[in-house]
Amino acid sequence: MATFGRFRCAAILLLVLCILHVDFVRGQITHPTEVSALNAVRGRLIDPMYKLKKWNRGDPCTSNWTGVICHKIPNDAYLHVTELELFNMNLSGTLAPEVGLLSQLNKLDFMWNNLTGNIPKEIGNITTLTLITLNGNQLSGSLPDEIGYLQKLNRLQIDQNQISGPIPKSFGNLTSMKHFHMNNNSLSGRIPPELFRLPVLLHLLVDTNNLSGPLPPELAETRSLKILQADNNNFSGSSIPAVYNNIRTLLKLSLRNCSLQGVIPDLSGIPDLGYLDLSWNQLTGSIPTNKLASNVTKIDLSHNFLNGTIPANFSGLPNLQFLSFEANNLSGAVPSTIWSGITFTGNRSLLLDFQNNSLDTIPDAFEPPKAVTLLLSGNRVCDTSNPARAAGLCQPASVNDAPSGHGPQVNLNCAPCPTDRNYEYNPSSPIPCFCAVPLGVGFRLKSPGIADFRSYKEAFEIDSTSVLDLSVYQLYIEQYTWEAGPRLNMHLKLFPNNTNLFTISEVMRLRQLLAGWQITLSDIFGPYELLNFTLGSYGDDFPTVVSSGLNKGALAGILTGTIIAAIAVSVVSTLFIVRRRSKRRTVSRRSLLSRYSVKIDGVRSFTFEEMATATNDFDDSAEIGQGGYGKVYKGKLADGTAVAIKRAHEDSLQGSKEFVTEIELLSRLHHRNLVSLIGYCDEEDEQMLVYEFMPNGTLRDHLS
């Protein structure tokens, strides 16, 4: 007995030391300056949906403040905020200048909220920033010059705001920049020639602004530019620099409605140019006769002042979907071989819009395939003495956006899915009528290199599921719609892999891939953006998916200490359980504890009937765990308190004195890392301990 007592004391000492260790590790709290900064940020925000309710308590990093992700910096006593991810939370208000005090921040994400005011210049102090995504708000004012000195910044998304003023010349210093998305604002002045210095720039999206001045010929010196989209600006009096033919990496050139003048330069030297839109300008002269790249899908030269004939270089382009010369001054014969070399299968089609020109001849051999739509209204050929050939080709028609669409419909012969969750049939599943709970994803292609998605739908499914590490049948494109830009808005559903539910780790993995721009689609689809990530039924089961907190590295120290503490608790419990009785007594033990003096502050004595009522007679649905000691049930007391009830099985019953000793010991353990003992039950040959319930799961869940 003395040996047992010493062993017990040693175990208790170990537990105390472990608790102190956890306190030491947890002492690595968020840096005080960053806590103040976050509180200042919160103070400027209006949160009508209470998305930031966790910001009112605890430490940002260790209390899982929503959208706050932290990291442990080597040789630093504090934890640091590395990501602020608050997209699509219906937040309004302004961005506090104190955000610039988050000195270790990598990602600043406030997409799709209702923020107003200026972008704080203090953001330029965060030299660690790699992503700034503020698109889809109501921000105004000018772009701070200070952003131009963030050497690690590779993505700047400020599109769909009300930002005015010039693009700072200092942006030419952003040597890590890959993605400039500044479209749909009120930016003015020139596109800075200094941008040519950016060695890895891929996408320059500045369409729908008030930009003016000449297009900078210096952009021809860029080494990696793939998309130049500057539609709906006012480059009045400017021409398209002929040296743009030297941008060897260019895939898309879109300069629609820019008041451009002069001739169309020869762009045949761009080996992979797949999309060319120069419509609604004031371009003159003839159409260049050199052939464009074979992978071109769209050529739009409509609404200019072009003259001459339609050259033969548009034949033999196997990927061509759309060719428009509408509203020019072209004359001569209607080409009869443009569709040669194109294989029309499935939804493959070709639209040729030659309306409102001066074309006067249709060749004798003129039989376009059924998949070719030819529009000739407003040409002389429709007024000639050969109306039979022109029949059906001369009706006025407006060219609307490319067709929208939706995915395959569900088999109506399937029985209804269960209703306890958002179960749905996956129309693409190889298992007929298989019910599963999907994730909803709002997804938009910001600058696609195609004119018609239908013939590229299968390629998109293969491409996107490949980078997401999913099977093709796990993706269901519920709907896709073309928007102004043109941009392609899609609503996707991601289904589990022939199981009913995703695991929490899979949900978090997919969200991180999409929200963190960790995937890259094929060039033909251009850049994308995440509009929303809808958890549906998973929102109830996995609340931490939309929260944040410590990353794995920062958690390691805290979890190590917590694990040791948990082991110590297990040791203490085991020492007492070893002295369990060898067999169950045959006489009733109702209230045997009454022979001992058990008067412990805050610890209640429950009857067996109260425990049975709280757990619905220990129903299997209330069971939340089990171990060598017995089973654990979730219960609800008469006053509504949620509790965890640990019920010993027959072989684990202790003597009454030992049970009292355990209760007294556990009642004295108070620590934020340990659940508190609420009470006990010792009736009907039962031994039960009643603890506070942990709604956020167990340590095992968090380790997973």
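Residues numbered from 1 in each chain as written. Predicted model: local features only at pLDDT ≥ 70, side-chain atom pairs only at ≥ 80, totals over all residues. Heavy atoms only, no water.

Colleague: So what's going on with the confidence of the model for the protein? Residues and values would help.
Modeller: Across the protein, pLDDT averages 84, with 81% of residues at or above 70. Confidence drops under a pLDDT of 50 for residues 571–599, and excluding neighbours within four residues, the segment shows 61 contacts in the predicted structure. (pLDDT = per-residue confidence, 0-100. Contact = heavy atoms within 4.5 Å.)

Colleague: Kindly report on the state of the cysteines, identifying the contributing residues and their values.
Modeller: Following the criterion strictly, the structure yields four disulfides and no others. Put simply, Cys 417 and Cys 435 are joined by a disulfide, and their sulfur atoms are 2.0 Å apart. Across the S-S bond of Cys 417 and Cys 435 the torsion is about -90°, and the bridge reads as left-handed. Of the two residues, Cys 417 sits in the loop between strand E26 (405–406) and strand E27 (424–425) while Cys 435 sits in strand E28 (residues 435–436), which places them 18 residues apart along the sequence. In this pair, the class of Cys 417 matches that of Cys 435, namely buried. Numbered by order of appearance in the sequence, the disulfide-linked cysteines of the protein pair as 1-2, 3-4, 5-7, 6-8. (Disulfide = S-S within 2.5 Å. Helix = DSSP H or I, 4+ residues; strand = E, 2+ residues; numbered from the N terminus. Buried < 20%, exposed > 50% of the residue type's maximum accessible area, 1.4 Å probe, protein only.)

Colleague: Tell me about the packing of aromatic side chains, and please be specific about residues and values.
Modeller: To describe a pair of aromatic rings, you give the distance between the ring centres and the angle between the ring planes. Per the counting criterion, the structure on display carries 12 aromatic pairs. Between Trp 55 and Trp 65, the aromatic rings sit 5.2 Å apart at their centres with planes inclined by 25°, giving stacked as the arrangement. Of the two residues, Trp 55 sits in the loop between strand E1 (45–46) and strand E2 (68–72) while Trp 65 sits in the loop between E1 and E2, which places them 10 residues apart along the sequence. Arranged with centres 6.0 Å apart and planes meeting at 40°, the rings of Phe 608 and Phe 618 form a pair that is tilted. In this pair, Phe 608 is assigned in helix H8 (residues 608–614) and Phe 618 in the loop between H8 and strand E35 (623–626), connecting sequence segments 10 residues apart. Of the residues examined, Phe 608 reaches a relative accessible area of 22% and is grouped as partly exposed. Given the relative accessible area of 10%, Phe 618 is considered buried. Among the aromatic residues, those joined into a cluster by ring pairs are Phe 443, Phe 453, Phe 460, Tyr 480, Phe 525 and Tyr 528. Across the ring face of Tyr 275, the terminal group of Lys 252 is positioned such that the distance to the ring centre comes to 4.2 Å. Here Lys 298 stacks its cationic end above the ring of Phe 322, 5.0 Å away from the centre of that ring. (Phe/Tyr/Trp six-rings, centres within 6.5 Å; stacked < 30°, edge-to-face > 60°. Lys NZ or Arg CZ within 6 Å of the ring centre and 35° of its normal.)

Colleague: Describe the nonpolar core, and please don't skip the residues or the numbers.
Modeller: Grouped together as the largest cluster of nonpolar side chains are 102 residues, with contacts concentrated most on Leu 84, Phe 110, Phe 171, Phe 180, Met 182, Leu 204 and Phe 354. Breaking this core down by element, the ones donating at least two residues are helix H2 (32–44), E2, strand E3 (79–85), strand E23 (350–353) and strand E25 (372–375). Non-local contacts of Phe 110, meaning those with residues more than four positions away in its chain, are made with Val 41, Leu 45, Leu 84, Leu 86, Phe 87, Leu 91, Leu 95, Leu 115, Thr 133, Leu 134, Asn 135 and Asn 137. One finds Tyr 425, Leu 492, Ile 519 and Leu 531 within the second-largest nonpolar core, a separate group that totals 44 residues. (Core = buried A, V, L, I, M, F, W, Y, C linked by side-chain atoms within 4.5 Å.)

Colleague: Before we move on, could you go through the side chain of Glu 83 and cite the residues and values that matter?
Modeller: Tracing the backbone through its elements, the reader meets Glu 83 in strand E3. In contact with Glu 83, other than residues within four places in its own chain, are Gly 67, Val 68, Ile 69, Leu 105 and Lys 107.

Colleague: I'd like a rundown of the pattern of salt bridges, residues and numbers included.
Modeller: Going through the model one piece at a time under the given rule, you end up with 17 salt bridges. Of the charged contacts, one joins Arg 444 and Glu 529 as a salt bridge, the two residues approaching to 2.7 Å between their closest N and O atoms. Placement of Arg 444 in strand E29 (residues 439–445) and of Glu 529 in strand E32 (residues 528–534) is noted, with a sequence separation of 85 residues between them. The pair formed by Arg 444 and Glu 529 is uniform in burial state, with each residue classed as buried. The salt bridge involving Glu 623 is made with Lys 631; its shortest N-O contact spans 3.7 Å. On the basis of relative accessible area, Lys 631 is assigned to the partly exposed category, the value being 33%. Residues joined in a network through salt bridges with shared partners are Asp 159, Arg 444, Lys 446, Glu 483 and Glu 529. (Salt bridge = Lys/Arg side-chain N within 4 Å of Asp/Glu carboxyl O.)

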